[in-house]
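# Structure at a glance
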Amino acid sequence: MVRLPPGGHPRGPRSIGATAALLPLFFASAAAKPLWNTVNRWAADGSSCPPELNQVRSCPAICVYDLGSCPQQVSCPSNQQLCHDGLCHSECTDEINAANPCYCGWKHSKLPSAAIDLVPCPILGNVTIAELYSWEAKKEIRDACAAKADISNQSDFGTWGTHWPRHTASGSGPLGVWSECPKQPQTMYSFHEPMWIAVFTVLFGYVGLLGIWYSFKRISEESIRRGWLPASRDVGSGSSTGSAEKARIGSVHEPGLNTTSAKNGSASGVDSIMSASADKQVASGAAANTEDELASDLTSDNTRLSGYRNSIFGTAMAWLLFFLALVWLCYLFALTADFYGSLPNTPAGGACILSHGDCVLGNQTFIFMWCLFVFMVVTVNVTRHRLRNFFRVKTAPQHGDYVCVEHRIEPQIMLENERSFLVDHVRRGAEKLKWLIGWDWTVTTCPLNKTAQGRKYFTYQCTRFVHDESDDQFAPFTFDLGHKNSDFVSKAGGLSAELAETRAELIGPNFIEVYVPNWFFAFVRQITSFIALYQSLSLLLFFYDFYWQVGLVDMSVILLAFTFNMVVRKLSEERLKRMAEQDDQVMVRRSGQWAEMSTRNLVPGDVIQLTTGMHMSCDCVLICGNAVVDEASLTGEALPVRKFPLRIDDTPFDAAANKNNQLYSGTIISQVQPILHSAGDFLTDSSVLGLVHRTGTASDKGRLVRKILFPQPISFIFDEQLKVVLTILVCYALFCMGMAIYFYKGSRVATWFYGMFCMLQAISPLLPAGLVAGQSMAAHRLKKKRIFCVDPQRIMMAGKVQIFCFDKTGTLTKEGLEFYGGKTVSSSSAAESSVAAFDMFSGDLPSSGELFQLGVASCHAVTDLNGQLIGNPVDIEQFRASKWSLADSPTYLDKITPPEGSRLGSLHVVRRFEFVHARASMSVAVQEESTGKIHVFVKGSFERIKSISRPGSVPSDYDKACAELAREGCYVLSIAHKVLDVHIDQLKNLSQDDIESGCNFIGLLVFKNMLKPDTEQAIADLKGGSTRTVMITGDTALTGIYISRQCGMIPPNNAVLLGDMDSKTGRVSWTNVDSDEPVEDISPYLAQIGPDGFPAAELAVTGTAFQHLDASDQLRPLLLNTRVFARMKPNDKVRCVQLHMEHGVTAMCGDGGNDCGALRAAHVGLALSDAEASIVSPFASSNRSIMSCVELLIQSRAGLATSFANYRALVLYGTTMTMQKLISFYHADSMSQPIWMVIDSLVATSMAITVTFLPPATKLAKYRPTARLLGPEIMSSVLGVVAINWCFMACVWVWTYRQSFFRCKEFDSSTVDLMKWYLLGDNYEAAIMTYVVMYQFINNGFLVNYGYRHRRSWFFNPALLGVWAMLIIMISYAQLAPPSRLSCTFRINCGDPDVLVSLGFKRPTWYIEKYNSPIGNNVLPDYAKWTLWGYSIANMAASNLWQIVVVYGPVRTYLRKKFPLRRLKLKL
């Protein structure tokens, strides 16, 4: 923590510099005395203060031109003469005459011409004044001295400097003048001193060189514009194609090579725009996804390119600027050392030799140089990203040594609906300021490199942009490997070495390099941040103004904080580096030969061998063999996922649809299984082969890492309101500065220093840090609960979650489904004329029909990994229920053997079509070993199977039976079958549609979806915490409704209306789920209000209905009345979450897999994943309990409350300090230096740390914590305490000025050097101020400990209570006990040893520095000590009662009901 003497936090350098330049205009020199009362004039009873008795004072000399004008006779002993020092000497030497009191100690060059010939009359010596009144001491001393000099008419003698003696007896004017000397005119530099010669040489020399450089730069750039470079043109216009959107590669003619355009909007011009093509040339879905993401990030509207080339002159100027700043800093340190007399060759007791011994001039010099340094630092900091390019010559991007990428990113503002007039205006002002200083664009300068073949490129955000000479554009390249499955499989031969090299230089290495500085540069980065520079500039003032001891303490605290932040940040970066960077060895087929090489060298189109335990470093398409992959670290999927090879067919390849054929970077291969035999539809090989599809940041993992490294700025509502707070504090700081000038009638230099300290004190640089203090503690506590966070900023958002969306299967329900039974048809193989009908439901699978048993045993994608079944949880449960087993070394894809005693024979799976969400089905072709017959089984959702089955094979009550099972919470799958009358070799020529068409429905496969044990409690807790819960599931609507009712998401007895698409009318039809009756109009249902004030009916929609309502813009009015969203595809889930995000802060909880998109899209995503380092969402819970959602909200709300508590403490700290400063300015005093050290290093620091130790609440509160810095809770808490503190402070001073011990013993600061602030505390005023303010400081940290809704009660924070009690006991002992070592260390309740003895105390045995006070002590009477202590305790009690009764108590409850805030009203 930083404070400026005598106590203060620094404010922004920009404001410091601007204010410093204007302050001298307001300075006025006057005596340092209180403005509204005369010091020591009136006693407590209204009478005049008693005089000081028998006071001895020295008389000023009487100066004349002729000694005959002296009022007394001039006489000296016979052997002596009167010299110019006013004394008699035997000889008047030059040294004696130089001590002429009529020169007033002025330098001869400064003397007025009228004073040069003045000589003193004989020195009068001392006079004794019987009764001396302080308020007219000057007059009484003059009268006594006049009487001693026998002056009868005082008008005959004037004052030095105001009047001058007459030269002749007949002249006009007084006979002489009293040498009551005014202050000597300030010494001024001749500016020929070596110091100034050096300063001017360095400063103006650099300015001159800067002018020369700027002229050189302009001329060079002008010649480039008008010379050999073609004229620039607008973005996308004037291209050879005539299309502003078209972007394609022209320099490298390779089939399948494409680029996301990054056009130089000026083609070859100096300024260019990097734009993303809207007209994509890539057919590959995966490549298109990558391009779409780049296109959304880099467009002609938000990205600009500029080229720069180095210049020796410019580089020298850049280094000279650094040298100039270093010299300037050294000069400031030299002035500081000179102020303390610590420069080499400084005589003993000397100081300010650089300013001719005039420390006032030295102070002014420091102020001037410090302001210039502030201006330099602020300018460099504001322009830091563009500064180096200023010292380069601008050119076209392709012709420079560097490419400057300017990218505009609009921050995402959370809780924008809580905006206000003031916030909007301040935001616009901040945006205007950013525009003026160029901060509305982020600037990144990248070196321009060349590949081995001479192609130019630069790397921006870990992505290589290559120059295309055909149309002068930089672009990230992608490769279209094919459109159909067969295109990918046909590339099994790999790449040639030459083609691989060409691709490598176009896309760069398959390696995401994360820069992590070493410890030295990490520290440099930390101390050169804006806040660090802000504090460092303030420390310079500390060290200069007799405050170096406290400066050292504050510097230690700052360095400790910097070190802690540096370590935390560096460890976080190293963790991300370990997660992002990967370099392994892999076998790659190049030019037809297998070679081992680094994964860095992989390019799209390479073929690699996949092995067990391999960590994937790129996205691959599996073209040969099977694999089992652990995707937990990427998707959060708990169980390993089975991957299948692409078929050799002409099915279009789609990245989303073919997920089961792709292996993603960042995943781990658990098992591989080569395919040695095939029916011709799969590639066979002794190894498992993968075709490299995407590398680097184009891969799935790469894009996630890129988003983490270069995230979109997020601005929470308190970030927006913080700008308003800072604006208010700046105005308050300027007010404090004005009051300091108004009250503090001291020297101009002292007024500047103390005014600056007061301004800096008003604005704490720790305010932004205080707002995130709670999130760090929350992240630590969440980690203990096995909830890991990769984006701590989201913790603050989690504290404001209003809507929580849930996946169903594996999230609300158990991971695995339980097999419930089957419901077969009795005539599934009958003729078409037969009428199909269901048999009775059976929970015993072996008792079912043989075909149904064969289908259950074979229609899945389960594999065996070391005795563990791997695959979809439903498939695993289905296969276990069949009691069949997988045989080793299958002839085809799999061999499945029946259980012992079965009449059925083994099955060979010869062809398999894996489950695809778009089709909602999967199928297998199996050969019966005993008969050779080929069966086809199709399994999928009951809607899908019904649509592909022969109508005659489907029972008439099919829909009703499925609906009844779904209502019971069952997960229903249907199975269809047919026999293929083809040879096994002909299978490869059949498409999936050919194989699946014409099947007969044979039965329903039913699973029970069981709730997790804690789901019901978690939903109840969330609802109790005013959080709406919503289900977004891929399961059927009726099952979703059943589970919603079971877990309490849908209240009991509430009607549920289900919306589904009517294929006949093309509209959404609504059905009452309970009565199964159609509902023509849902409005009456929604108009019926339940006891909670919301509609009693709940809505549910299917995926098709959701899409229709969204497309027709009918969904938004119904969104917050819809509880269940069923049959939702992954993209639908993302859209659903985004729609909810429009209404409030939305969280999403899922178990990974198809929830990944929604988890990333939500404000707060929580993946129930076993992987600690999962990057699928900001939060991941390894305990996989839905109670993690409740725990996340509890901890996040507590973190948000803690952050705001710290914020309030810092604001109260600043307001208390400025209150103290303003009163101190009035009295021109200050608390002692040890007290400031205690406040800075003990009170503020310890209280700020221990505030974060208060544990979170045990359950969610009904209300969310406030996120508004300017909301009623924060404003009432802060302003109420400020008002109470001011009231008690005013009462204390009213009481003090009525006390007899204080009146007539007031501190007269006009008798001391105001720059020496440490001499201003040895008085009653400073002691009384210390007693009152110290309790306020201590109490500020305790006050913010209240607020039991989101954190435990205040007494659950023993660390804070201990520190609070210890500080109160310490200051109470120092105040109330007799003078002690502690109180004397603090310079309160103490005094000079002799004075303490005279007051009846024992003589101290420790050393006490002499008190800078006429009374020699600041020991208050006992009654005054206890009275002030009572005031302080009452002050603390009043502030605490304000928090308990008003801010968090019954007054708040009453006002909340009387004047409710505008909140999003949600049915919970």
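None of these values were measured; they are calculated from a predicted model. (Residues numbered from 1 in each chain as written. Predicted model: local features only at pLDDT ≥ 70, side-chain atom pairs only at ≥ 80, totals over all residues. Heavy atoms only, no water.)

### Here's the deal with the overall build of the protein chain
The test is simple: Secondary structure is summarised from DSSP: a helix means a run of H or I of at least four residues, a strand means a run of E of at least two, and numbering begins at the N terminus for each. Under the scheme applied here, a residue whose accessible area is under 20% of the maximum for its type counts as buried, over 50% as exposed, and between as partly exposed, the area being computed with a 1.4 Å probe on protein chains only. Two residues form a contact once any of their heavy atoms are found within 4.5 Å. Note on areas: these come from Shrake-Rupley sampling with a 1.4 Å probe, and a residue is covered only by the protein chains present in the view.
Along its length, the protein chain carries 43 helices and 51 strands. A total of 1468 residues make up the protein chain; the buried ones form 56% of that total. Contacts in the protein chain between residues at least 24 apart in sequence constitute 73% of all its contacts with a sequence separation of at least 6. As displayed, the protein chain has an accessible area near 60,400 Å², and 57% of this comes from carbon and sulfur atoms.

### Here's the deal with the environment of D1229
By the secondary structure assignment, D1229 is in the loop between α35 (1187-1227) and α36 (1233-1251). Here the alpha-carbon distance between D1229 and F1307, two residues 78 residues apart in the chain, equals 7.9 Å. Other than its neighbours up to four places away in sequence, D1229 contacts S1224, F1307, L1320, N1323, E1325 and A1326.

### What to know about the nonpolar core
If you look at soluble globular proteins, the nonpolar side chains tend to sit buried side by side. The criterion, for reference: What we call a nonpolar core is a set of buried Ala, Val, Leu, Ile, Met, Phe, Trp, Tyr and Cys residues that are connected through their side-chain atoms within 4.5 Å.
Ranked by internal contacts, the top residues of the largest apolar core, which has 126 residues, are F804, F806 and I1239. Among the elements that make up this core, the one with the highest residue count is α35 (17 residues). Not counting residues within four places of it along the chain, the set of residues in contact with F804 comprises L1022, T1027, R1028, T1029, V1030, A1147, M1148, C1149, C1189 and L1193. Among the nonpolar cores identified, the runner-up in size contains 50 residues, and Y189, F391, A740 and Y754 belong to it.

### Focus on the sheet that holds strand β42 (residues 1000-1008)
For clarity, the cut-off: Pairing between two strands requires that DSSP report at least two bridges joining them. Axes, fitted as lines to C-alpha atoms, cover a helix only where it is in contact. Angles between the N-to-C directions of the axes lie from 0 to 180 degrees.
The strand order across the open sheet built from eight strands is β33-β42-β41-β40-β39-β38-β37-β36, with neighbouring strands paired in antiparallel fashion. If you trace the sheet from one side to the other, it starts and ends with β33 (818-824) and β36 (885-886), each paired once. Sheet strands touched by helix α23 (residues 850-858): β33, β37 (894-897), β38 (907-916), β39 (921-928), β40 (934-941), β41 (970-980) and β42. Its angle to β42, the strand with the most contacts, is close to 55°.

### Describing the pairing of β42
Most of β42 sits out of view: nine of its nine residues are buried. Across six bridges, β33 lies against β42 in antiparallel orientation. Across the sheet, the residue bridging to K823 is L1004, located in β42. Of the pairings in the sheet, the one linking β41 to β42 comprises eight bridges and is antiparallel in character. Paired with H977 across the bridge in β42 is N1000.

### As for the state of the cysteines
Which entries qualify depends on this criterion: Throughout, disulfides are identified as pairs of cysteine sulfur atoms within 2.5 Å of each other.
Following the criterion strictly, the structure yields nine disulfides and no others. Across a sulfur-sulfur distance of 2.0 Å, C63 and C102 are joined as a disulfide pair. The S-S bond linking C63 to C102 shows a torsion near -105°; that makes this disulfide left-handed. Residue C63 is located in strand β2 (residues 62-64), and its partner C102 is located in the loop between α2 (94-97) and β5 (119-120); the two are separated by 39 residues in the primary sequence. Summarising the burial analysis for this pair, C63 and C102 share the class buried. A disulfide-free cysteine, C1136 has its sulfur positioned 5.9 Å from the sulfur of C805, the nearest such atom. Take C1136: its relative accessible area is 0%, and that puts it in the buried class.

### Focus: the sheet that holds strand β28 (residues 668-673)
Strand order in the open sheet formed by three strands is β26-β25-β28, with antiparallel pairing between adjacent strands. In this open sheet, the two strands that pair with only one neighbour each are β26 (641-643) and β28. Here the average twist between neighbouring strands, direction ignored, is 25°.

### Concerning the packing of aromatic side chains
As a reminder of what qualifies: Only Phe, Tyr and Trp rings are paired, with Trp represented by its six-membered ring, and only when their centres lie within 6.5 Å; those with planes under 30 degrees apart are stacked, over 60 edge-to-face, the remainder tilted.
Using the criterion set out here, one finds 47 aromatic pairs in the structure. Relative to F1302, the ring of Y1297 has its centre 5.1 Å away and its plane inclined at 80°; by these criteria the two rings are edge-to-face. Accessibility expressed as a relative area gives 18% for Y1297, which makes it buried. Put simply, the rings of W213, Y214, F216, F313, F390 and F391 touch in pairs and so form one group of aromatic residues.

### Here we look at the pattern of salt bridges
The cut-off we apply is this: Whenever Lys or Arg places a side-chain nitrogen within 4 Å of a carboxyl oxygen from Asp or Glu, that contact is recorded as a salt bridge.
Under the criterion given, the structure shown has 39 salt bridges. Here E221 ties to K217 by a salt bridge, and the two come within 2.9 Å at their closest N and O atoms. A residue pair is termed a helical-turn pair when its members lie 3 or 4 positions apart in one helix, as E221 and K217 do in helix α4 (residues 194-226) at four residues. With respect to burial, E221 and K217 carry one shared label: buried. A salt bridge links R386 to E406; the nearest nitrogen and oxygen atoms lie 2.9 Å apart. Of this pair, R386 sits in helix α8 (residues 384-390) while E406 sits in strand β13 (residues 402-407); the two residues are 20 residues apart in sequence, bridging distant segments of the chain. Assessed through its relative accessible area of 31%, R386 is described here as partly exposed.

### Quick look at unusual backbone geometry
One non-glycine residue, F191, lies in the positive phi region at around 65°. Relative to the helices and strands, F191 is located in the loop between β8 (176-178) and α4. Overall, the relative accessible area of 35% leaves F191 in the partly exposed class. Backbone geometry places N345, a non-glycine residue, at a positive phi of 70°. Turning to its location among the elements, N345 is positioned in the loop between α6 (312-339) and α7 (359-382). Its relative accessible area of 78% is what places N345 among the exposed residues.

### Comments concerning the packing of α35 against α36
In plain terms, the rule: Oblique is the label for any angle not covered by the other classes, which are roughly parallel (under 35 degrees), roughly antiparallel (over 145) and roughly perpendicular (65 to 115). Left-handed describes a crossing in which the near helix is turned anticlockwise from the far one by less than a right angle; the clockwise case is right-handed. Residue type decides the class: Asp, Glu, Lys and Arg count as charged, Ala, Val, Leu, Ile, Met, Phe, Trp, Tyr, Cys and Pro as nonpolar, and the leftover types, Gly among them, as polar.
Across the interface, α35 lies against α36 with an axial gap of 10 Å and an inter-helix angle of 160°. Put simply, α35 runs roughly antiparallel to α36. The hand of the α35/α36 crossing is right-handed. Contact with α35, carried on its side by T1202, A1205, N1206, Y1213, M1217, Q1220 and K1221, involves W1236, I1239, D1240, A1244, A1248 and V1251 of α36 and no other residues of that element. Among the residues making up the contact of α35 with α36, the classes are represented as eight nonpolar, three polar and two charged.

### With respect to helix α13 (residues 530-544)
The cut-off we apply is this: Expected span of a helix: the number of residues minus one, times 1.5 Å.
Relative to the 21 Å expected for 15 residues at 1.5 Å per residue, α13 spans 22 Å between its end C-alpha atoms, a close match to the ideal helical length. Of all 15 residues in α13, 11 are buried, a share of seventy percent or more. Those residues of α13 that fall on the buried side of the exposure criterion are A532, Y534, Q535, L537, S538, L539, L540, L541, F542, F543 and Y544.

### What about the confidence of the model for the protein chain?
In plain terms, the rule: pLDDT runs from 0 to 100 and stands for how confident the predictor is about each residue.
Within the protein chain, residue pLDDT values average 81, and 88% of them lie at 70 or more. Here residues 1-32 is a poorly scored stretch, pLDDT under 50, and it has 115 contacts once near neighbours within four places are set aside; other chains count. The model gives residues 228-292 a pLDDT under 50, and that stretch makes 188 contacts with residues more than four places away or in other chains.

### Quick word on the environment of G1144
On the secondary structure map, G1144 appears in the loop between α33 (1130-1141) and β49 (1146-1150). As for G1144 and H1163, which are separated by 19 residues in sequence, their C-alpha atoms are 9.3 Å apart.

### Comments concerning α7
An α-helix turns once every 3.6 residues. As a result, residues three or four positions apart point the same way. Here is the rule we go by: Any N or O atom pair separated by 3.5 Å or less is treated as a polar contact, with the protein-specific requirement of one donor-capable and one acceptor-capable atom, and with residues adjacent in sequence counted only for side-chain atom pairs.
Relative to the 34 Å expected for 24 residues at 1.5 Å per residue, α7 spans 34 Å between its end C-alpha atoms, a close match to the ideal helical length. For α7, the capping residue at the N-terminal end is D358, with a side-chain oxygen 3.0 Å from the backbone nitrogen of V360.

### Quick word on the packing of α36 against helix α39 (residues 1358-1376)
In the contact formed by α36 and α39, the axes pass within 8 Å of each other and the chain directions differ by 155°. Classified by the angle between their axes, α36 and α39 sit roughly antiparallel to one another. Crossing geometry of α36 relative to α39 is assigned as left-handed. Counting all contacts with α36, which are made through V1238, L1242, V1243, S1246, M1247, T1250 and V1251, the residues of α39 involved are A1359, L1360, V1363, W1364, L1367 and M1370. For the contact of α36 with α39, the per-class residue count stands at 11 nonpolar, two polar and no charged.

### Points about the side chain of T1033
In this fold, T1033 is placed in the loop between β43 (1028-1032) and α29 (1037-1047). A distance of 3.0 Å separates a polar side-chain atom of T1033 from the backbone nitrogen of D1035. Residues within four places of T1033 in sequence aside, it is in contact with D807, K808, F1125, A1126, R1127, M1128 and K1133.

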